[in-house]
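The chain contents come next:
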Amino acid sequence: MNSERANYFYVHLKLLSNPDFGGYLNIVPLTLAQFIDIFHFGKNLSRFNREILKDLLNRIVGLKNSTGDAKEWKNRIPIVINKWKKHWGETHK
């Protein structure tokens, strides 16, 4: 993930409200490898639906409250993905 792109997404997530879209934009900067990994993981769950995926996206967006900049946000996304996979992997075996 390009650092400039992550910074752009982070600024729009946390600092720049866009009235045309009803507020802040929740853009999640996943790499292609992360995207593929998430869906491979979901394929192996006994149940995978939009609520489970939404849980991951909410966890990543929620990092805005505990990160100070885009670099920290970007670096913590893989940690959130791994925790999410652990949670749902144990819940839906």
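Caption draft 1: Representation of the packing of helix 3 (residues 50-62) against helix 4 (residues 70-91). Where helix 3 meets helix 4, the closest approach of the two axes is 9 Å, and the angle between their N-to-C directions is 150°. Crossing of helix 3 over helix 4 shows right-handed handedness. Between helix 3 and helix 4, the contacting residues are Ile 52, Leu 53, Asp 55, Leu 56, Arg 59 and Ile 60 on the first element and Trp 73, Ile 77, Val 80, Ile 81, Lys 83, Trp 84, His 87 and Trp 88 on the second. The residue makeup of the contact of helix 3 with helix 4, split by class, is 10 nonpolar, one polar and three charged.

Caption draft 2: Main features of the pattern of salt bridges. Within this structure, the stated rule accounts for three salt bridges. Here Asp 37 makes a salt bridge to Lys 85, at a shortest N to O gap of 2.8 Å. In this pair, Asp 37 is assigned in helix 2 (residues 32-43) and Lys 85 in helix 4, connecting sequence segments 48 residues apart. Given the relative accessible area of 30%, Asp 37 is considered partly exposed.

Cut-offs applied
Residues numbered from 1 in each chain as written. Predicted model: local features only at pLDDT ≥ 70, side-chain atom pairs only at ≥ 80, totals over all residues. Heavy atoms only, no water. Axes fitted to C-alpha atoms, helices over the stretch in contact; angles between N-to-C directions. Helix = DSSP H or I, 4+ residues; strand = E, 2+ residues; numbered from the N terminus. Left-handed = near helix turned anticlockwise from the far one by under 90°. Contact = heavy atoms within 4.5 Å. Nonpolar A, V, L, I, M, F, W, Y, C, P; charged D, E, K, R; others polar. Salt bridge = Lys/Arg side-chain N within 4 Å of Asp/Glu carboxyl O. Buried < 20%, exposed > 50% of the residue type's maximum accessible area, 1.4 Å probe, protein only.

Read these as geometric descriptors, not functional statements.
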